[in-house]
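Understanding the architecture of this molecule
So the chains spell out like this:
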Amino acid sequence: MGHSNSGFSKSGLYRLHEVLARHVDSGKIPGLVALVSRGEETHVETIGTMRQDGGAPMRRDTIFRMASTSKPVAMAAAMVLLDECRLRLDDPVQEWLPELADRQVLKRIDSPLEDTVPARRPITVRDLLTSTFGLGMDMTSLGTPIMGAVFEQGLTPNLPEPMPEPDEWMRRLGTLPLMYQPGERWQYQISHDVLAVLVARVTGQSFETFLRERIFEPLGMKDTGFHVPTDKIDRLPTLYAPDPQTGEFHVWDEPAGGRWSQPPAFQGGGGGLVSTADDYHAYFRMLLNGGRHGSERILSRPAVELMTTNRLTPEQQAARHAMAVDNVHVSFGQGQHGGWGFGMAVRTYRGDYAPIGQFGWDGGSGTSTYADPANQLTGILLTQVGASASNSMQLMHDFWTTLYQAIDN
């Protein structure tokens, strides 16, 4: 009895394999690595190939571009600084980020950039941690002057031009008004990149160096960073963006000579990490263990609890939920968790097979990483298919639906 209560059923894992293999056999997903763990049991699937036209098989140590699943991991750097009282939740950030002092705020989201009122208060560390500091990627506001300015200034990843180095990026950000008052509204993405600059300025180290010393090395995350060194580049698959109309595979990034073959000018907290299934497993298991890794403490238990439980007010949650359910045709059903902690979604209502309390996030490069305290379960699904079409997102939904049926109790 004891064993079955802690792990997965054999028939459930067999069905998980069948469902994952179906997506690869369909030709829509060239390859994948999936890692699932519960209690002391860990199970790994490697299916398919590194390239759409064949090539080397996927391996357990294949390195993937983590995209927005970087957020929950990169957030740990800020939590270390909170634990050590080098940052406080309600400190104004302008001491380190003077570019964000004396903000102006748009009167309406579609106002001209000059149509503003002064911010009611300074931006705080808490505003950045909860993604409520006043600027973000709002796909419901495309075509507004402020969203146009965000794109023109090169403030977001995935544009043809890479983001500039951190001081120049902050300078450009400082030329824009806020979309909303500090602390008012949850908004995606930009706060995480501001946090990366904040961590670097507070510590006097690069964001990657601080993450490596305090998070990656202690956890044994030896393949995690902001680029792939030459001696590992053969472990990085080609990244594809399928054509939304035809399904044709367009190469978005090649390993050799591609975007991740050299260190980036901007090490962001919102995306950009590369990693492996085992590295991410170590990180999410640490969160499930309340901040411990073996005998070593990485983060305090209260820091982990703050990150992994809902931080949004009911009004903020309602706006985030509306954004998710009104954009299912664009997001393919992702983002419907209700809540948000620090750097990750937190499930606050039961809308699918996962229970309340599950935390984690998904990435636009075809990555999905969550942990579930109620079941002591971790799931990591990694592919090389971007979310330009629904293929990788449908695979994620099927992965989680099947994984929850494999719990044997």
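None of the values given here were measured: they were computed from a predicted structure.

**Examining the sheet that holds strand S13 (residues 345–347)**
Taken together, the eight strands give an open sheet; going across it, the order is S3-S2-S1-S16-S15-S14-S13-S12, and neighbouring strands pair in antiparallel fashion. Two strands lie at the open edges of the sheet, namely strand S3 (54–57) and strand S12 (338–340), each paired on one side alone. Within this sheet the neighbouring strands show an average axis-to-axis angle of 20°, counted without direction. In the sheet, strand S14 (residues 359–363) pairs with strand S15 (residues 367–372) via five bridges, with the strands oriented antiparallel. Residue glycine 363 lies in a different strand from S15, and its bridge partner there is threonine 367. Relative to strand S16 (residues 377–383), helix H9 (residues 277–288) is tilted by about 155°, and along the sheet it contacts strand S1 (31–38), strand S2 (41–51), S14, S15 and S16.

**So, the side chain of glutamine 384**
Along the chain, the position of glutamine 384 falls in the loop between S16 and helix H13 (391–405). Only 3.2 Å separates the side chain of glutamine 384 from the backbone oxygen of methionine 50, close enough to count as a polar contact. With near-sequence residues (within four places) excluded, glutamine 384 lies in contact with Pro30, Gly31, Thr49, Met50, Arg51, Met58, Phe64, Pro237, Thr238, Leu239, Tyr240 and Ser365.

**Re the pattern of salt bridges**
As enumerated under the stated definition, the model contains 22 salt bridges in all. Across the pair glutamate 99 and arginine 201 runs a salt bridge, and its minimum N-O distance is 2.9 Å. One end of the pair, glutamate 99, is in the loop between helix H3 (70–83) and strand S5 (104–106); the other, arginine 201, is in helix H7 (residues 190–203), and 102 residues separate them in sequence. Arginine 201 gets classed as partly exposed once you look at its relative accessible area, which sits at 24%. Linking arginine 347 and aspartate 352 is a salt bridge whose minimum nitrogen-to-oxygen distance equals 3.1 Å. Arginine 347 sits in the buried class, given a relative accessible area of 5%. Note on aspartate 352: relative accessible area 35%, which makes it partly exposed. Here the salt bridges do not stand alone but share partners, grouping Arg59, Asp61, Asp223, Lys232 and Arg235 into one network.

Procedures and definitions
Residues numbered from 1 in each chain as written. Predicted model: local features only at pLDDT ≥ 70, side-chain atom pairs only at ≥ 80, totals over all residues. Heavy atoms only, no water. Pairing = 2+ DSSP bridges. Helix = DSSP H or I, 4+ residues; strand = E, 2+ residues; numbered from the N terminus. Axes fitted to C-alpha atoms, helices over the stretch in contact; angles between N-to-C directions. Contact = heavy atoms within 4.5 Å. Polar contact = N/O pair within 3.5 Å; in protein donor to acceptor, adjacent residues only side chain to side chain. Salt bridge = Lys/Arg side-chain N within 4 Å of Asp/Glu carboxyl O. Buried < 20%, exposed > 50% of the residue type's maximum accessible area, 1.4 Å probe, protein only.

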